[in-house]
Amino acid sequence: MKSALFLVITAFLASCAGPAVRSSSGHDAWGHRPGPRGFKTVIIDAGHGGRDDGATSRHTGQKEKDLTLDMVKRIKSELGGSFRTVLMRGNDTFVDLDDRVIGANRFGDAILISMHFNSGPSHVRGPETYYWRVDSHGLATRLQHAMTAVSPVESSNRGLVRRRLRLTRNPEIPCVLLEGGYLSNPEESRLIANPGYRQKLASAIASAIRTQAAIGDAGTGPLPSPLNEPPSRASDARE
Ligand SMILES: [Zn+2]
């Protein structure tokens, strides 16, 4: 009897105490749940940095680490005051991937967006979004759609890729890795070199984040199946 009464009281307290829109983005090691809604913090990670240049465009000479840093600042300013935004790095410094995971896990009510630019065969172009966790699928869908809408070549949608990377599998919060386009493609690298294009890309990304916070996964299709795989290690695959 005693425990039943306790349950009734705690249920009552929980229903009164919480905000009207409950966030669903607290810590969860596996992420086998619907996508986040009502989150307050957006962690924006600029890929590479310091001694790690990432890709370098042979068409424009630009380095991925500089472009990702430029992008995260644009995304932060596009998000404005509606979220607490945290930059994983705000200057040209090297941060180990595992330290980025630890950094992301400091925040409970948050999502993580890791920004990159791609490199591959010179004819390949278009944005690409990586995710792993079930709770990151809707967010990934929105972000991929947003980036593709900005990209001028419709056929260049590279789509979603479910891949177990350190920044898609290991954080305990919803997390996605964005590839904003190919620095190895002559036309796309010139587009990416244009600050106006990067601003449009940043604005589209910010808008997708706002939509996810407002309505969660609504309209992003069925959730993928839960996958139980160990955390990603440095020795696993390319990142
Ligand atoms: Zn990269």
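These notes cover the structure that comes with them. (Residues numbered from 1 in each chain as written. Predicted model: local features only at pLDDT ≥ 70, side-chain atom pairs only at ≥ 80, totals over all residues.)

## As for the overall build of the protein
We apply this condition: Counting from the N terminus, the helices are the DSSP runs of H or I reaching at least four residues and the strands are the DSSP runs of E reaching at least two. Here exposure depends only on C-beta density: within 10 Å of a residue's C-beta, 20 or more other C-beta atoms make it buried, 12 or fewer make it exposed, and intermediate numbers make it partly exposed, the C-beta atoms being placed from the backbone. Two residues qualify as being in contact provided that their C-beta atoms, derived from the backbone, are within 7 Å of each other.
Secondary structure assignment for the protein yields 7 helices and 6 strands. Along the protein, helices (α) and strands (β) appear in the sequence α-β-α-β-α-β-β-α-β-α-β-α-α when read from the amino end. Going through the 239 residues of the protein one by one, you find that 43% of them count as buried. Relative to all contacts within the protein whose residues are 6 or more apart in sequence, the contacts with residues 24 or more apart total 80%.

## Looking at the sheet that holds strand β6 (residues 175-182)
Neighbouring strands of a sheet are bound in pairs by backbone hydrogen bonds; such pairs are parallel or else antiparallel. Let me state the cut-off plainly: A pair of strands is labelled paired if DSSP reports no fewer than 2 bridges between them. Only the contacting stretch of a helix is used when fitting its axis, a line to C-alpha atoms as for every element, and angles between N-to-C directions run 0 to 180 degrees.
Spatially, the 6 strands line up as an open sheet ordered β2-β1-β3-β6-β4-β5, and their pairing is mixed. Every interior strand has two partners, whereas the edge strands, β2 (84-87) and β5 (160-162), have only one. Averaged over all pairs of adjacent strands, the angle between strand axes in this sheet comes to 25 degrees, irrespective of strand direction. Sheet topology note: the strand β4 (residues 128-131)/β5 ladder contains 3 bridges and is parallel. Note on β5: the bridge partner recorded for T129 is L160. Contacts from helix α2 (residues 64-79) reach β1 (41-46), β2, β3 (110-118) and β6 within the one sheet, and its direction differs from that of β3 by about 140 degrees.

## Digging into unusual backbone geometry
In the Ramachandran plot, H48 falls in the positive-phi region, its phi being about 65 degrees despite a non-glycine side chain. Examined against the element boundaries, H48 turns out to sit in the loop between β1 and α2. With 23 C-beta atoms packed within 10 Å, H48 lands in the buried category.

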